Amino acid sequence: MHNSNYRTLKYSIEKDTAKIILDRPPLNLIDRAMTLEYHDVLRKADSDPQVRVIVLAGRGKGLSGGLDLNYIENFNANEMKEFLQLFYVQTMEIVRGLSKPIIAGVHGFAREGACTLAFACDMIIAADNADFGYPGVPNLAAPPGMHVWILQKLIGRMKATELILTGKTISSAEAERMGLITKMVPAERLMLEIDQLAQKIAEMSPLAITQTRDLIYQMESMPFEKIPEKAAEAFSKAFGSDDSREARKAYIEKRKPNWTGT
């Protein structure tokens, strides 16, 4: 099923997977219109009972070249802050609030804001021709926003500082070694690998996926002394669900479980 009501992206549902493809040629540059459409399509996918997994990718030569500099060229500081509230703050709130996992597929280039979109996702599958970069400091004489936090979380302060201050690009192979992405695959297999991962996740209990995803984000910044109690609470609550009982029964009976999402 395809939806063509968007100007800057394509939206389709295939089996249990919602696919969001950035489509603003030639570089899929990010502006207000794309941001608003991305927010809308995320909400649409999350509220659709048919959808179990969401995929983000880009059309053309790469995921995105980042923010559209022509769009923001004449912004004053307040206008830039307002746009970044929309792009950074609201995007992160929506993505983290999803009840379904989201996978980014990256080929070609991902720059600055495109990295925000990708690294906000739960997993990233990158093609072997992909590279990532944060040119905010050398090109805009400004810190690269969310990446100051995201990169330190993912790869530590030392390496994050190098990437941010130099603006150098890193290949998908290097990104995989550093733990920035989930997996690197041959470019011609990118969408196939994403489809296989999405299908594997879609076969899991939707309730368990939602609860586990929530727990991952809750524990990310939780002080350690609170984690054991939180872990026990989350597991015991899930253990009493219909899906958990069905999982155990299906395992014993050596059959596929029938999920109800309750």
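Bear in mind the structure is a predicted one, so any value in this text is a computation, not a measurement.

What counts and what doesn't
Residues numbered from 1 in each chain as written. Predicted model: local features only at pLDDT ≥ 70, side-chain atom pairs only at ≥ 80, totals over all residues. Heavy atoms only, no water. Helix = DSSP H or I, 4+ residues; strand = E, 2+ residues; numbered from the N terminus. Buried < 20%, exposed > 50% of the residue type's maximum accessible area, 1.4 Å probe, protein only. Contact = heavy atoms within 4.5 Å. Areas by Shrake-Rupley, 256 points an atom, 1.4 Å probe, with all protein chains shown as cover. Lys, Arg positive; Asp, Glu negative; His and termini not counted. Charge placed at Lys NZ, Arg CZ, Asp CG, Glu CD.

Observations concerning the overall build of the protein chain
Now for step 1: Across its full length, the protein chain holds 12 helices and 10 strands.
Now for step 2: Taken along the three principal axes of its C-alpha coordinates, the protein chain extends 60 × 45 × 35 Å.
Now for step 3: Counting the 262 residues in the protein chain, one finds 45% classified as buried.
Now for step 4: A fraction of 65% describes how many contacts in the protein chain between residues 6 or more apart in sequence connect residues 24 or more apart.
Now for step 5: For the protein chain, the exposed area adds up to about 13700 Å²; of that, 56% sits on carbon and sulfur atoms.
Now for step 6: The distance from the centre of the 33 positive side-chain charges to the centre of the 33 negative ones in the protein chain is 3 Å.

Thoughts on unusual backbone geometry
Now for step 1: Between Pro25 and the following residue, Pro26, the backbone shows a cis peptide bond with an omega angle of 5°.
Now for step 2: Even without being glycine, Asn28 reaches a positive phi, approximately 55°.
Now for step 3: Tracing the backbone through its elements, the reader meets Asn28 in the loop between β3 (17-22) and α1 (32-47).
Now for step 4: Since its relative accessible area comes to 1%, Asn28 is described here as buried.

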